[in-house]
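Listed here are the chains, written in short residue letters.
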Amino acid sequence: MYPSGFATAVAVGKLGERWEGAARPGHFRGVATVVAILFGLVRPARAYFGEKDFQQLRVIRRMHADLALSGEVVGCATVRERDGLALSSRNKRLSPEAREMAGAIPAALLAMRRAVASGERDGERVRQAGLRRLVDPGIALDYLAVVD
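Residues numbered from 1 in each chain as written. Predicted model: local features only at pLDDT ≥ 70, side-chain atom pairs only at ≥ 80, totals over all residues. Heavy atoms only, no water.

Participant: Please set out the pattern of salt bridges residue by residue, giving values where relevant.
Facilitator: For the coordinates displayed, the defined rule picks out eight salt bridges. A salt bridge links Lys52 to Asp53; the shortest N-O distance between them is 3.3 Å. One salt bridge connects Arg90 with Asp53, and the closest N-O pair in it is separated by 3.0 Å. Remark: Asp53 occurs in the loop between strand E1 (46–50) and helix H3 (54–66) and Arg90 occurs in helix H4 (residues 89–92); sequence separation between them is 37 residues. The exposure class assigned to Asp53 is partly exposed, which follows from its relative accessible area of 27%. In this structure, a network of salt bridges that share partners links the residues Glu81, Asp83, Lys92 and Arg99. (Salt bridge = Lys/Arg side-chain N within 4 Å of Asp/Glu carboxyl O. Helix = DSSP H or I, 4+ residues; strand = E, 2+ residues; numbered from the N terminus. Buried < 20%, exposed > 50% of the residue type's maximum accessible area, 1.4 Å probe, protein only.)

The following block contains the structure:
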């Protein structure tokens, strides 16, 4: 992917600076660069990206539009395992203890969804409904955001 002397990267701007971008500086620059290279090599009619990494999907869609890349970026719904965790190669590497702890994440998302379904419109209150589910298992949280 990166020949000797490779020196070009895709800067993603403000969209990649908050949340995951703040927790993992340079992450979206790397993602956008490799995806741009792949778009150039493959020239797909459609490229499918999971909504599990929603900020990443937005970064890729923005890059795709800004760079006038061919084809279409298609978002795909998150597929979940029986315990509610997203089907993910990263989750497969969790220890049994970490996997049990991670079960609080889909529980937090469900609590937030229920808050909205019951009429809550204040983003911070929705966020707090999720945070309550994450405190008990002692998860070290990088961020939890309610965004539009």
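Participant: Give a description of the pairing of strand E2 (residues 72–76) that names residues and reports values.
Facilitator: Residues in a regular strand project their side chains so that they alternate between the two faces of the sheet. Alignment of E1 against E2, held across five bridges, turns out to be parallel. The residue bridging Tyr48 from the neighbouring strand is Val74, located in E2. Assessed by its sense of winding, the connection that carries the chain from E1 through H3 to E2 is right-handed. (Pairing = 2+ DSSP bridges. Right-handed = clockwise from strand over helix to strand, strands pointing away.)

Participant: Account for the environment of Gly123, with residues named and values stated.
Facilitator: Within the secondary structure, Gly123 sits in helix H7 (residues 123–135). Gly123 sits in the partly exposed class, given a relative accessible area of 31%. Residues Gly123 and Glu81 lie 42 residues apart in sequence; the distance between their C-alpha atoms is 27 Å.

Everything listed is a geometric property; what it means functionally is a separate question.
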